[in-house]
Amino acid sequence: MKLLPTLLCAALLVAGNALAPTVAGDADPLFINLTTDDPHRANMAITFGRNQFERGHPLTIFLNDKGVFIGAKQNASTFGSHQVDLATLMDKGAQVLICPMCMKHYGVGAGDLIPGLEVGNPDLTGGALFKDDTQTLTW
């Protein structure tokens with residue numbers, strides 16, 4: 001009967017370790033799902049991403065839902081500074097994807113996009129989102 005408490009303790013230790021929170025590593029990828037067309041919220045997302053990218057975290061920003069408006073050249077009067085920031089990030093190696101379904105829904109064509117944006121697809125977007133140890137945020 002003395003074995004039962006020992007087995008119970010061992011089982012709790014194993015279960016506890018399985019539920020322990022993970023800690024972000026110094027170079028874990030960051031995936032930002034940017035769904036807003038609010039300039040302030042978009043700036044928060046891009047700035048947060050840039051700050052983490054500069055700290056060594058590979059960065060993917062996914063322009064999703066109304067976020068597709070940020071990637072459209074014709075919206076430069078509203079999102080010009082955002083577009084410059086995205087272009088700078090892409091030049092430094094960050095990836096910026098845009099949702100093709102949202103582009104279609106909101107009437108944003110491929111020719112409307114700022115240079116460097118990649119139109120997402122299941123392999124491209126999923127590859128960034130489900131890369132090992134990826135952390136995600138959304139705005």
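Now for a quick tour of the structure. (Residues numbered from 1 in each chain as written. Predicted model: local features only at pLDDT ≥ 70, side-chain atom pairs only at ≥ 80, totals over all residues. Heavy atoms only, no water.)

**What to know about helix α2 (residues 39–54)**
Phase 1 of the analysis: In a regular helix each residue adds 1.5 Å, so 16 residues correspond to 22 Å; α2 covers 22 Å between its end C-alpha atoms and thus fits that length.
Phase 2 of the analysis: Where α2 is buried, its residues contact β1 (30–34), β2 (59–63) and α3 (76–91).
Phase 3 of the analysis: The N-terminus of α2 is capped by D38, whose side-chain oxygen sits 3.2 Å from the backbone nitrogen of H40.
Phase 4 of the analysis: Of the residues flanking the end of α2, it is G56, one or two places downstream, whose phi is positive at about 100 degrees. (Helix = DSSP H or I, 4+ residues; strand = E, 2+ residues; numbered from the N terminus. Expected span 1.5 Å × (residues − 1). Contact = heavy atoms within 4.5 Å. Polar contact = N/O pair within 3.5 Å; in protein donor to acceptor, adjacent residues only side chain to side chain.)

**Some thoughts on the environment of T78**
Phase 1 of the analysis: By secondary structure assignment, the location of T78 is in helix α3.
Phase 2 of the analysis: Classification of T78 as partly exposed rests on a relative accessible area of 43%.
Phase 3 of the analysis: Between the C-alpha atom of T78 and that of P39, which follows or precedes it by 39 residues, the distance is 7.4 Å. (Buried < 20%, exposed > 50% of the residue type's maximum accessible area, 1.4 Å probe, protein only.)

**Brief notes about the pairing of β2**
Along any regular strand the residues' side chains alternate between the sheet's two faces.
Phase 1 of the analysis: By the criterion of burial, β2 is predominantly enclosed, with five of the five residues buried.
Phase 2 of the analysis: Here β2 shows a buried face lined by L59, I61 and L63 and a second buried face lined by T60 and F62.
Phase 3 of the analysis: Where β1 meets β2, five bridges bridge the pair, whose relative direction is parallel. Within β2, the position partnered with L30 by the bridge is L59.
Phase 4 of the analysis: Since β1 and β2 lie parallel, the crossover through α2 that links them has a hand, and here it is right-handed.
Phase 5 of the analysis: The sheet contact formed by β2 and strand β3 (residues 95–98) spans four bridges and is parallel. (Pairing = 2+ DSSP bridges. Right-handed = clockwise from strand over helix to strand, strands pointing away.)

**Some words on the pattern of salt bridges**
Phase 1 of the analysis: Across all of its chains, the model carries one salt bridge by this definition.
Phase 2 of the analysis: Among the salt bridges present, the one from R50 reaches E54, with a minimum N-O distance of 3.9 Å. Residue R50 and its partner E54 are located together in helix α2, separated by four residues, close to a single helical turn. (Salt bridge = Lys/Arg side-chain N within 4 Å of Asp/Glu carboxyl O.)

All we've got here are geometric facts, nothing functional implied.
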